[in-house]
Amino acid sequence: AEGVEAESGDRFFSSLVRHLAIVLQCQYAFVSNLSVDRRRFRTLAVWGRGAFLDNFELPVAGTPCEAVLQGQISHHPEKLRELFPEDEGLALWNAESYSGVPLLDASGTVTGHLAIFADQPMRDGPRGVAIMRIFAMRARMEIERSRIETALRESESRYRDLYDSAPSPILTLDTKGRIIACNRRFLIWAGISQGDLGRYSYVDFSVPEAIKRRHELHAIVMGGGEIEE
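Residues numbered from 1 in each chain as written. Predicted model: local features only at pLDDT ≥ 70, side-chain atom pairs only at ≥ 80, totals over all residues. Heavy atoms only, no water.

Student: Tell me about the overall build of the chain, residues and numbers included.
Tutor: A tally of regular secondary structure across the chain gives 7 helices and 9 strands. For 229 residues, the compact-globule estimate of 2.2 N^0.38 gives 17 Å, and the C-alpha radius of gyration of the chain, at 28 Å, exceeds that figure by more than 25%. Projected onto its principal axes, the C-alpha positions of the chain cover 85 × 30 × 30 Å. Taking all 229 residues of the chain together, 36% fall into the buried category. The long-range fraction of contacts in the chain, counting pairs at least 24 apart against all pairs at least 6 apart in sequence, stands at 45%. For the chain, the accessible surface area stands at approximately 14,100 Å², while carbon and sulfur atoms represent 52% of it. For the chain, the distance from the average site of its 27 positive side-chain charges to the average site of its 32 negative ones is 2 Å. (Helix = DSSP H or I, 4+ residues; strand = E, 2+ residues; numbered from the N terminus. Rg over C-alpha atoms; globule rule 2.2 N^0.38 Å. Buried < 20%, exposed > 50% of the residue type's maximum accessible area, 1.4 Å probe, protein only. Contact = heavy atoms within 4.5 Å. Areas by Shrake-Rupley, 256 points an atom, 1.4 Å probe, with all protein chains shown as cover. Lys, Arg positive; Asp, Glu negative; His and termini not counted. Charge placed at Lys NZ, Arg CZ, Asp CG, Glu CD.)

This is the structure in structure tokens:
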């Protein structure tokens, strides 16, 4: 429960791999992201022998992760280095056994994987894989949340650029009719600075007919209508 609920954001993946290694009593655990060309993967967090390790990037081919990043669940209970002699990292970690599960997005496409390594045989593969699938499901949710958050920030940035550089004066009001933002063109049009804006609760056009019409239009908008005038 701590492994999948304790953290979110940047700290989530570190918490996940640490708890995964503790729960499954293995020496190494990591979570990865698959490259766009699907030929390499880069770790998001790595736990090894009681400490966080630096992230790394590796080619997929020739590693025990290859099948997992193609969408399969993989478990090698022993003799891992004999099965994958081209993977030099296995010798560095003294890895004897391996389990991995893919991370899938909402459409079912593999986006990365969870992997654990041990320096002893891992006989209880089904239990370990079942636990890893729980962690993988939570990791998928966090990756999707992070993706949406990033897309939202980018969208807001584009909106701010369009808003601020628009050739027409733009004024933004809250639900009580108070000014909360405006673009550069509005400041020029109104003859005020950004610092002056806080002194105004609304725009007084000094023409009674215009003021009356503004209130009429505001009532329509606050009632859910849209206006172009």
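Student: Any chance you could break down the packing of aromatic side chains for me, citing the residues and the numbers?
Tutor: A ring pair, where both rings are aromatic, is described by two values, the distance of the centres and the angle of the planes. Summed over the entire model, instances satisfying the criterion amount to 12 aromatic pairs. Ring geometry for Phe30 against Phe41: centres 5.9 Å apart, planes inclined by 15°, an arrangement best described as stacked. With Phe30 in strand β1 (residues 28-34) and Phe41 in strand β2 (residues 40-48), the pair connects residues that are 11 residues apart, well separated along the chain. Phe41 shares its class with Phe30; the two are buried. Aromatic pair Phe186 and Trp189: ring centres 5.4 Å apart, planes at 45°, arrangement tilted. Taken together, the residues span about one helical turn, with Phe186 and Trp189 both in helix α6 (residues 184-190) at a distance of 3 residues. The class for Phe186 is buried, based on a relative accessible area of 6%. Since its relative accessible area comes to 48%, Trp189 is described here as partly exposed. By way of ring pairs, the aromatic residues Tyr28, Phe30, Phe41, Phe56, Trp93, Tyr98 and Phe117 are connected into one cluster. (Phe/Tyr/Trp six-rings, centres within 6.5 Å; stacked < 30°, edge-to-face > 60°.)

Student: A description of the nonpolar core should follow, citing residues and the corresponding values.
Tutor: Among soluble globular proteins, nonpolar side chains are generally buried collectively. Residues Leu16, Val17, Leu20, Val31, Leu114, Ile116 and Met132 are the most contacted members of the largest nonpolar core, which totals 24 residues. Put simply, the parts of the chain that give this core at least two residues each are α2 (10-24), β1, β2, β6 (97-104), β7 (110-118) and α5 (125-165). With residues near it in sequence (within four places) discarded, Ile116 still touches Leu20, Leu24, Cys26, Tyr28, Ala29, Ser97, Tyr98, Ser99, Met122 and Met132. Ranked by size, the runner-up nonpolar core spans 19 residues in total, among them Val68, Leu69, Phe84 and Phe117. (Core = buried A, V, L, I, M, F, W, Y, C linked by side-chain atoms within 4.5 Å.)

Student: Explain the side chain of Ser32 residue by residue, including any values.
Tutor: Mapped onto the elements of the fold, Ser32 is located in strand β1. Among the polar contacts made by the side chain of Ser32, one reaches the side chain of His113 at a distance of 2.6 Å. (Polar contact = N/O pair within 3.5 Å; in protein donor to acceptor, adjacent residues only side chain to side chain.)

Student: Talk me through α5; I want residue IDs and the actual numbers.
Tutor: Taking 1.5 Å per residue as the helical rise, α5 with its 41 residues ought to reach 60 Å, and the 59 Å between its terminal C-alpha atoms agrees with that figure. Turning to α5, its buried residues are Gly125, Gly128, Val129, Ile131, Met132, Phe135, Ala136, Arg138, Ala139, Glu142 and Tyr163. (Expected span 1.5 Å × (residues − 1).)

Student: Account for the state of the cysteines, with residues named and values stated.
Tutor: Chemically, a disulfide is nothing more than a covalent bond linking the sulfur atoms of two cysteines. For the coordinates displayed, the defined rule picks out 0 disulfides. The thiol of Cys65 is unpaired, and the distance to the nearest cysteine sulfur, on Cys26, comes to 13 Å. What makes Cys65 buried here is its relative accessible area of 2%. (Disulfide = S-S within 2.5 Å.)

Student: Summarise the pairing of β2; cite the residues concerned and give the values.
Tutor: As judged from the 7 bridges shared by β1 and β2, these two strands associate in the antiparallel manner. Within β2, the residue paired with Val31 across the bridge is Ala45. Taken together, the 3 bridges between β2 and strand β4 (residues 57-59) define a ladder with antiparallel strand orientation. Across the sheet, the residue bridging to Arg42 is Glu57, located in β4. If you look at the hairpin formed by β2 and strand β3 (residues 51-53), you'll find 2 residues sitting between the two strands, and Arg49 has a positive phi there, around 50°. (Pairing = 2+ DSSP bridges.)

Student: Can you lay out the layout of surface pockets for me, pointing to particular residues and giving the numbers?
Tutor: Any empty space left between the atoms is revealed when a probe the size of a water molecule rolls over them. One number sums up the size of the largest pocket: a volume of about 620 Å³. Looking at the largest pocket, it is lined by 20 residues, and the ones nearest its centre are Leu171, Leu173, Arg214, Leu217 and Val221. Taken together, the elements giving at least two residues each to the lining of the largest pocket come down to β8 (171-173), α6 and α7 (208-222). When residues of the lining of the largest pocket are assigned to their parent elements, the largest contribution, 7 residues, is made by α7. (1 Å grid on protein atoms, 1.4 Å probe; cavity = no way out; pocket = protein on both sides within 12 Å on 5 of 7 lines; lining within 4 Å. Points joined across faces, edges and corners; volume = space filled by probe spheres on them.)

Student: Describe a nonpolar patch on the surface, with residues and values.
Tutor: Residues Ile220, Val221, Met222 and Ile227 make up a contiguous nonpolar surface patch of roughly 310 Å² in combined accessible area. Mapped onto the elements of the fold, Met222 is located in helix α7. (Patch = residues over 30% accessible without salt bridge, like charges linked within 9 Å, V, L, I, M, F, W, Y side chains within 5 Å. Salt bridge = Lys/Arg side-chain N within 4 Å of Asp/Glu carboxyl O.)

Student: Which residues make up the environment of Arg11, and what values do they have?
Tutor: By secondary structure assignment, the location of Arg11 is in helix α2. Residues Arg11 and Glu216, spaced 205 residues apart in sequence, show a C-alpha to C-alpha distance of 50 Å.

Nothing here speaks to function; it is all geometry.
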